[in-house]
Amino acid sequence: MGNNKSATVSVDSRRVISEISPLLFSGFAEHMGRCIYEGIYDPASAHADEHGLRQDVLAALRELNYRAMRYPGGNFVSGYRWEDGIGPKSQRPARRDLAWQSIESNQFGTDDFMRFCREINTEPMLAVNLGTGTIQDAANLVEYCNAPLGSAYADRRAANSQAEPYGVKYWCLGNEMDGPWQIGHLDAVEYGKKAREAAKLMRLHDESIELVLCGSSSSQMPTYPEWDRVALELCWDGVDYHSMHYYAGNHKDDSPSYLALSAEFEDYVDTLAGILRYVKAKTRSKHDVYLSWDEWNVWYKARELSDMRGGWTEAPHLIEEVYNLEDALVVAQWLNVFLRKSDVLKIACIAQIVNVIAPILTQRNRLLKQSTYYPLLHFSQLARGNALDLLVTAPHYETEQFGAMPLLDVSASHDPDTNRGAIFIVNRSLEGALPLEITWADKTPTRILSAHQLAGSDPKAANSWEQPDQLRTQAIAAPRIVDSAAQLRLPALSFTALEVAY
Ligand code: AHR
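Reading guide: rules and limits
- Residues numbered from 1 in each chain as written.
- Predicted model: local features only at pLDDT ≥ 70, side-chain atom pairs only at ≥ 80, totals over all residues.
- Heavy atoms only, no water.
- Core = buried A, V, L, I, M, F, W, Y, C linked by side-chain atoms within 4.5 Å.
- Buried < 20%, exposed > 50% of the residue type's maximum accessible area, 1.4 Å probe, protein only.
- Helix = DSSP H or I, 4+ residues; strand = E, 2+ residues; numbered from the N terminus.
- Domains from an automatic or database assignment.
- Contact = heavy atoms within 4.5 Å.
- Near = heavy atom within 4 Å.
- Polar contact = N/O pair within 3.5 Å; in protein donor to acceptor, adjacent residues only side chain to side chain.
- Areas by Shrake-Rupley, 256 points an atom, 1.4 Å probe, with all protein chains shown as cover.
- Salt bridge = Lys/Arg side-chain N within 4 Å of Asp/Glu carboxyl O.
- Pairing = 2+ DSSP bridges.
- Axes fitted to C-alpha atoms, helices over the stretch in contact; angles between N-to-C directions.
- Parallel < 35°, antiparallel > 145°, perpendicular 65-115°, else oblique.
- Left-handed = near helix turned anticlockwise from the far one by under 90°.
- Nonpolar A, V, L, I, M, F, W, Y, C, P; charged D, E, K, R; others polar.

Chemist: What should I look at first to understand the nonpolar core in this one?
Modeler: A general feature of soluble globular proteins is that nonpolar side chains tend to end up buried together. Counting 169 residues, the largest nonpolar core has Phe-116, Trp-171, Leu-173, Tyr-191 and Trp-293 as its most contacted members. It is helix H9 (residues 325-340) that contributes the most residues to this core, 11 residues altogether. Here this core spans two domains, and each of domain 1 (7-14 + 387-501) and domain 2 (21-217 + 291-382) adds at least three residues to it. The residues touching Trp-293, leaving out its near neighbours within four places in the chain, are Met-244, His-245, Tyr-246, Phe-265, Tyr-268, Val-269, Trp-334, Phe-338, Leu-345, Ile-347, Ala-348 and Cys-349.

Set out below in structure tokens:
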């Protein structure tokens, strides 16, 4: 797989793909396992504030600067009665959560989530229950969150937390309704009709909200992509985004193919972008619908049914996947794809944010950052302004799944407002370091402000409670720019983030 050839990246700030939507760096928090309880909310932790929010976790989440947070599910939402989670905590009922066979104490609910969002400076993105829930329940939740005082649900909000409406802008019309596992699963026509009516009622409460339709739960679903076409045709003018979900994995322990997965991610976006264009033309609409990749992540090590069933306990340990170096390089490629597809992709939420397939793990009084934390951190901090269409040349290597693939996966941004830019590079090679020359075709940056790298020789290496810093990005010497070019050496199995000043 390795070789001693070199690669080039040519940057031209005039070749704009699209403005980067900040919401591409969003998260997802579900009432599942220990994401909410013992993750972000744990009154028994030494780090909890007076509201039970774990300040060590919130600090890490602030660092990742999630722009929006999807909540409360996931599969959980399809059986959730949101009114259980508001009002005095002592009066909230404990319920059986059928999605994860757990006990839901309801000690954390909508108002608690709003406080959490305020504290980490993120936009709430609420999902409504279109499984067991009615369109009336969905509309009531919009009234509770967004209506001014003077009606029953708005007045309940004032009694419970605050008089001022929360002004929740982003709403998901159910979750993975195409999946037979989903509580209240519907076929595409049934779902499209229910979603259309829910959207209508929700907008009657607040016409400024933006709505996300459920797309296929993955590109492997037997109903994909027909589900997407049918649901979109029924709802086109009433929704703003169409959701994608996908969990990737090295199922066959075939690292060369696994490390090339951006090809699959791009293909998935391209197919759905084609469907969006088709439905827009077919419905003769002037309205646009964009993609919301509101569940994405690596998830394959904890996929047994027993990993997902809580045995009717509170906050069970469910799918607490441990991430290694190659997983982090797949996450970095996913983020590259978000920039390269930023013309059609406007929201993306990593699933999930704490403990449950997450970049952060907690014990009662400790926190561990996993390998996947670091690509998220650098993209979230640096990718601003416009995504750029790059010219990349790199040697190819053979993969079983995709045939010949380039060794490099790259994306870049340029912000005309701040005159800063960023370049993100994954070297997929399992063996060889690769010399890289970056050139600038139009204006040349004055200097490279910072260079950070995550690299290692063992694709399976991972952080642990005993060795928490085995994998983290290191600051490396920033290459100099000479004659509109910079040279750098990319180690095998590496992710590099460069920040430049023009
Ligand atoms: O994120 C875990 C689960 O994966 C979500 O609840 C569901 O939407 C998806 O299948």
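Chemist: I'm lost on the site of the ligand in this one. Help?
Modeler: Inspection of the region around the ligand gives Phe-28, Glu-30, Gly-74, Asn-75, Trp-100, Asn-175, Glu-176, Tyr-247, Glu-295, Trp-299, Gln-352 and Ile-357 as its neighbouring residues. Between an oxygen atom of the ligand and a side-chain N or O atom of Glu-295, the distance comes to 2.7 Å. Taking Gln-352, its side chain carries an N or O atom lying 3.0 Å from an oxygen atom of the ligand. The fraction of the free accessible surface of the ligand (290 Å²) that becomes covered by protein chains is 95%.

Chemist: What exactly am I supposed to notice about the pattern of salt bridges here?
Modeler: Side chains that differ in charge, positive against negative, can pair when their charged atoms come close. Counting across every chain of the model gives 33 salt bridges. The residue Arg-95 makes a salt bridge to Asp-84 at a minimum N-O spacing of 2.7 Å. One end of the pair, Arg-95, is in strand E5 (residues 95-97); the other, Asp-84, is in the loop between strand E4 (68-71) and E5, and 11 residues separate them in sequence. Assessed through its relative accessible area of 29%, Arg-95 is described here as partly exposed. We note a salt bridge from Asp-240 to Arg-203, for which the minimum N-O separation is 3.1 Å.

Chemist: Where do I start with the sheet that holds strand E12 (residues 345-351) in this structure?
Modeler: Overall, parallel pairing links the eight strands, which are arranged E3-E4-E7-E8-E9-E10-E11-E12 in a closed barrel. The mean inter-strand angle of the sheet, taken between neighbouring strand axes irrespective of direction, is 30°. Strand direction decides the pairing type here: strand E8 (residues 170-173) and strand E9 (residues 210-213), joined by three bridges, are parallel. Bridge assignment links Cys-172 to a residue of E9, and that residue is Val-212.

Chemist: What am I meant to see in the pairing of E12 here?
Modeler: In regular strands, side chains alternate between the two faces of the sheet. Counting buried positions along E12 yields seven of seven residues, so the element is predominantly enclosed. Relative to E12, strand E3 (residues 26-28) is paired through three bridges, and the arrangement is parallel. Residue Gly-27 lies in a different strand from E12, and its bridge partner there is Ile-350. With four bridges connecting them, strand E11 (residues 290-298) and E12 associate as parallel partners.

Chemist: Can you walk me through the packing of helix H3 (residues 135-146) against helix H4 (residues 152-160) in this structure?
Modeler: In a pair of packed helices, the angle between the axes and the distance between the axes together describe the arrangement. Where H3 meets H4, the axes come as close as 7 Å, and the angle between the chain directions of the two elements is 50°. Judged on the interaxial angle alone, H4 and H3 are oblique. Taken as a pair, H3 and H4 cross one another with a handedness that is right-handed. In contact with Asn-140, Glu-143, Tyr-144, Cys-145 and Asn-146 of H3, H4 contributes Ala-152, Tyr-153, Ala-154, Arg-156, Arg-157 and Asn-160. Residue composition of the contact of H3 with H4, by class: five nonpolar, three polar and three charged.

Chemist: How do you make sense of unusual backbone geometry when you look at a structure like this?
Modeler: Negative phi is the rule for most residues except glycine; trans is the rule for most peptide bonds. The omega torsion across Gly-73 and Gly-74 is 15°, close enough to zero to call that bond cis. Residue placement: Gly-74 occurs in the loop between E4 and E5. Going from Ala-351 to Gln-352, the amide bond is cis rather than trans, its omega being 0°. Mapped onto the elements of the fold, Gln-352 is located in the loop between E12 and strand E13 (360-363). Unlike most non-glycine residues, Asn-106 shows phi in positive territory, near 60°. Among the secondary structure elements, Asn-106 is positioned in the loop between strand E6 (102-104) and helix H2 (110-120). You can call Asn-106 buried: its relative accessible area is 1%.

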